[in-house]
Amino acid sequence: MNYRNKTVVASVAGLTLEGMDIMFISFAMSMIIAEFHINLATGGLISSITNIGMLIGGIIFGVLADKFGRVKVFTYSILLFAIGTALTGLATNIDQVYVYRLIAGLGAGGEYGIGMALVSEAWPKDKQGRASSYVSVGAQFGVIIAAVLSSFILPAFGWRGLFFIGIIPVIFAVIVRKGLKESPEWLSAQKQHKLVQQQGSLIQLFQNPKTAATTIALAIMATVQIAGYNGLMIWLPSMLQQSQGLSVSSSALWTISTAVGMILGMLTFGQFMDRLGTKRAFGIFLFASAAAVFLYSYATGSIGVLLGGAVVGFFSNGMFAGYGALISSYYPVHIRTTATNTIFNFGRALGGFSPVLVGYILQHYNMTITMAYLAILYCISFIAMLTIKNRQSRQQQPDALPFVNHENVI
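Please read these numbers as outputs of a predicted model, since none were measured by experiment.

## A short note on the overall build of the chain
Secondary structure assignment for the chain yields 16 helices and zero strands. Across the 410 residues of the chain, 57% fall into the buried class. A sequence separation of at least 24 residues applies to 83% of the contacts in the chain between residues at least 6 apart. Taken as a whole, the chain presents about 16,900 Å² of accessible surface, with 69% of it coming from carbon and sulfur.

## What about the pattern of salt bridges?
Enumeration over the complete set of coordinates arrives at eight salt bridges. For Arg 101, the salt bridge identified is with Asp 21, shortest N-O distance 2.6 Å. Of the two residues, Arg 101 sits in helix H4 (residues 94-122) while Asp 21 sits in helix H1 (residues 3-36), which places them 80 residues apart along the sequence. Note on Arg 101: relative accessible area 0%, which makes it buried.

## Let's talk about the nonpolar core
Leu 218, Met 221, Phe 282 and Tyr 331 are the most contacted members of the largest nonpolar core, which has 107 residues in total. Looking at this core, the element that brings in the most residues is H1, giving 15 residues. Setting aside residues no more than four positions away along its own chain, Met 221 makes contact with Phe 282, Leu 286, Tyr 323, Leu 326, Ser 381, Ala 384, Met 385 and Ile 388.

## A short note on empty space enclosed by the protein
With the rule as written, the count across this model stands at five cavities of 30 Å³ or more. Its boundaries defined by the atoms lining it, the largest cavity holds a volume of some 70 Å³. If you go around the largest cavity, the residues you meet are Ser 11, Gly 14, Leu 15, Glu 18, Phe 74, Glu 111, Tyr 112, Gly 115, Met 116 and Val 135. Only H1 and H4 provide two or more residues apiece to the lining of the largest cavity. Of the residues contributing to the lining of the largest cavity, the split by class is five nonpolar, three polar and two charged.

## Comments concerning the side chain of Thr 223
The residue Thr 223 is located in helix H9 (residues 209-243) in this model. Given the relative accessible area of 12%, Thr 223 is considered buried.

## Digging into a nonpolar patch on the surface
Where nonpolar side chains cluster on the molecular surface, the patch consists of Ile 52, Ile 56, Ile 60, Leu 64, Phe 68 and Leu 102 and spans about 470 Å² of accessible area. Relative to the helices and strands, Phe 68 is located in helix H2 (residues 40-68).

## Here we look at the environment of Ser 188
Note that Ser 188 resides in helix H7 (residues 184-191). Here Ser 188 falls in the partly exposed class, since its relative accessible area comes to 23%. Sequence separation of Ser 188 and Val 333 is 145 residues, and the distance between their C-alpha atoms is 9.9 Å.

## Points about unusual backbone geometry
Residues other than glycine seldom take positive phi values, yet His 37 does so here, at roughly 55 degrees. Of note, His 37 is situated in the loop between H1 and H2.

## Concerning the packing of H1 against H2
Contact geometry of H1 with H2 gives a least axis separation of 9 Å together with a crossing angle of 160 degrees. Here H1 is positioned roughly antiparallel relative to H2, judged by the angle of their axes. Considering only the axes of H1 and H2, their crossing is right-handed. Along its contact with H1, which presents Glu 18, Ile 22, Ile 25, Met 29, Ile 32 and Ile 33, the element H2 presents Leu 40, Gly 43, Ile 46, Ser 47 and Met 54. Class assignment of the residues belonging to the contact of H1 with H2 gives a composition of eight nonpolar, two polar and one charged.

## Thoughts on H4
With 29 residues, H4 should cover 42 Å at 1.5 Å per step; its first-to-last C-alpha distance of 42 Å lies within 8% of that length. For H4, the buried fraction is high: 23 of the 29 residues fall into the buried class. Where H4 begins, the side chain of Asn 93 points an oxygen toward the backbone nitrogen of Asp 95, at a separation of 3.1 Å.

## So, the packing of H2 against H4
Two elements in contact, H2 and H4, have axes separated by 5 Å at closest approach and are oriented at 40 degrees. Classed by the angle they form, the pair H2 and H4 counts as oblique. In the packing of H2 onto H4, the handedness of the crossing is right-handed. Here Thr 42, Leu 45, Ile 46, Ile 49, Thr 50, Gly 53, Met 54, Ile 56, Gly 57, Gly 58, Phe 61 and Ala 65 of H2 lie close against H4, whose contacting residues are Ile 94, Val 97, Tyr 98, Arg 101, Leu 102, Gly 105, Leu 106, Gly 107, Ala 108, Gly 109, Gly 110 and Ile 114. Grouping the constituent residues of the contact of H2 with H4 by class yields 14 nonpolar, nine polar and one charged.

## Concerning the packing of aromatic side chains
This structure, assessed with the given rule, holds 15 aromatic pairs. With a centroid separation of 5.6 Å and an interplanar angle of 85 degrees, the aromatic rings of Phe 272 and Phe 285 are classed as edge-to-face. Remark: Phe 285 occurs in helix H11 (residues 278-296) and Phe 272 occurs in helix H10 (residues 248-276); sequence separation between them is 13 residues. The class of Phe 285 is buried, set by a relative accessible area of 1%.

## Looking at the environment of Tyr 134
Mapping Tyr 134 onto the fold places it in helix H5 (residues 128-163). Taking relative accessible area as the criterion, Tyr 134 reaches 36% and is therefore assigned partly exposed. On a C-alpha basis, the gap between Tyr 134 and Ile 263 in space is 9.5 Å, while along the polypeptide they are 129 residues apart. Setting aside chain neighbours within four positions, we find Tyr 134 in contact with Val 8, Val 12 and Leu 267.

## Structural notes on helix H12 (residues 301-316)
Counted at 1.5 Å a residue, the expected span for H12 with its 16 residues is 22 Å, and the 22 Å between its end C-alpha atoms agrees. Within the sequence span of H12, burial applies to Val 305, Gly 308, Gly 309, Val 312, Gly 313 and Ser 316. For H12, the angular spread of the buried residues around the axis is 135 degrees, confining them to a single face. The exposed residues of H12 that point more than 90 degrees off its buried face are Ile 303 and Leu 307.

Calculation notes
- Residues numbered from 1 in each chain as written.
- Predicted model: local features only at pLDDT ≥ 70, side-chain atom pairs only at ≥ 80, totals over all residues.
- Heavy atoms only, no water.
- Helix = DSSP H or I, 4+ residues; strand = E, 2+ residues; numbered from the N terminus.
- Buried < 20%, exposed > 50% of the residue type's maximum accessible area, 1.4 Å probe, protein only.
- Contact = heavy atoms within 4.5 Å.
- Areas by Shrake-Rupley, 256 points an atom, 1.4 Å probe, with all protein chains shown as cover.
- Salt bridge = Lys/Arg side-chain N within 4 Å of Asp/Glu carboxyl O.
- Core = buried A, V, L, I, M, F, W, Y, C linked by side-chain atoms within 4.5 Å.
- 1 Å grid on protein atoms, 1.4 Å probe; cavity = no way out; pocket = protein on both sides within 12 Å on 5 of 7 lines; lining within 4 Å.
- Points joined across faces, edges and corners; volume = space filled by probe spheres on them.
- Nonpolar A, V, L, I, M, F, W, Y, C, P; charged D, E, K, R; others polar.
- Patch = residues over 30% accessible without salt bridge, like charges linked within 9 Å, V, L, I, M, F, W, Y side chains within 5 Å.
- Axes fitted to C-alpha atoms, helices over the stretch in contact; angles between N-to-C directions.
- Parallel < 35°, antiparallel > 145°, perpendicular 65-115°, else oblique.
- Left-handed = near helix turned anticlockwise from the far one by under 90°.
- Expected span 1.5 Å × (residues − 1).
- Polar contact = N/O pair within 3.5 Å; in protein donor to acceptor, adjacent residues only side chain to side chain.
- Phe/Tyr/Trp six-rings, centres within 6.5 Å; stacked < 30°, edge-to-face > 60°.
- Arc of directions from axis to C-beta.

Okay, structure coming up:
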C-alpha cells in the first residue's frame with residue numbers, strides 16, 4: 001500500500017471509531033438515564049460535554065501536531081480517546097460520566113483535523129476532494145457498526161459493555177504508529193526550520209483581515225453543517241411520526257434511507273470538488289440543500305418520505321466530505337492542523353446546540369417553519385462561502401511549501 005492510501009485508511013479508521021463512539025451514547029442513553037435516575041436534560045449534557053471536549057482537544061492537539069508531527073500526535077489523541085471511552089463503562093455516577101466523556105472528546109477532537117491534514121498533504125490538489133470524501137464516509141461506517149454492536153451487546157452486557165469496546169482503538173493506535181510515516185510535507189518544513197520560525201498557534205488564524213475573514217466564514221460553514229445534520233437526524237424521525245403517522249419501524253427505515261443518501265452524496269461531492277472546483281461544488285450542494293430541506297416539509301406518502309429523505313441526506317450531508325480538504329487548503333503547513341481542528345470542532349460545539357432550537361421551534365410552530373429554519377441555515381452558509389476569496393495554490397503561497405511527490409518518499 002502506498003503512502004497516499006495509508007493516510008486515507010488511517011484517517012477512515014479513526015473517523016469510523018469516532019463515529020461509532022458518538023453513536024454509542026445515543027444507543028446507551030436510555031439505560032444511562034434509568035441507572036443514574038436523571039432527567040432528559042441532564043442526560044443531554046453528556047453529548048454537549050463531549051462536543052466541548054472535542055473543541056478543546058481539537059485546539060490542543062492541532063497545535064501539537066503542527067509543532068511535533070502529525071502521526072505522533074495522532075497516535076496520542078487516539079489513545080486518549082480510547083481511555084476516555086473505556087473509562088465511561090466504569091462510571092458509577094453521572095458526574096464521572098461527564099468527566100470521562102470530556103476525556104474522550106479531547107482525544108476525538110484531535111483525530112479529525114490531523115487525519116485530514118495527513119490526507120491533504122499526501123494527495124495532489126486535483127484528487128483531494130475524492131480522498132477527503134473517502135475519509136468522511138468513515139463516520140457513517142461508524143454509525144452502522146455502532147448499531148450492529150448495540151443490538152448484540154446492550155441486551156447481553158448492558159451499556160457498560162458497549163463502552164469497553166473503547167479498548168479497540170489502542171490496537172489501532174499501535175498499528176498507525178508502526179505503519180504510517182510522518183507527513184513528508186511537514187518533514188520538509190521542519191528541515192527548512194519553518195516550524196521553528198512559524199510554530200502553529202491559534203492567533204495565526206486571525207493574523208490579518210483576509211485570514212480572519214476566511215477563518216470566520218469557514219467556521220460559519222462548519223457550524224451550519226453540524227447544525228443542519230443534528231437538527232435533521234435527531235428530530236426529523238419524530239416529526240415524520242407525528243405529521244405522516246409513521247411507525248417507529250418506518251422511521252428507522254427512513255434513517256437507513258437517509259444514511260444511504262448521505263454516503264452517496266459524500267462520494268459524489270468529492271468528485272464534484274475535483275472536477276468543478278471547491279466553491280462551485282459547495283455552491284451547488286448548499287443551494288440544493290436549502291431547496292430540498294424546505295420542499296421536504298411537503299412530502300407525503302411512504303415512498304415520498306423515503307426518497308425525499310435520501311435526497312435531503314445526499315445534499316445536506318454530502319458536503320461533509322469536503323470540509324477537511326476545504327479548510328486544509330486555505331492554511332499553510334505550520335498551522336494546517338490547528339486550523340482544521342479548531343474551525344471544524346468550533347462548528348461541532350456550536351452546531352451541537354441546534355437540536356435545542358429545533359425542539360423549541362417544533363414546540364411553538366410546525367414542521368414547515370422548522371424546515372424553513374434549516375433551509376435558511378444553508379442560505380447563510382452559501383453567503384459565507386461567497387465571501388471567501390479564492391485561495392492561492394501551494395506553489396504560490398509565500399509561507400507554504402512546494403508539493404512533494406509522496407509516492408517516492410516512502
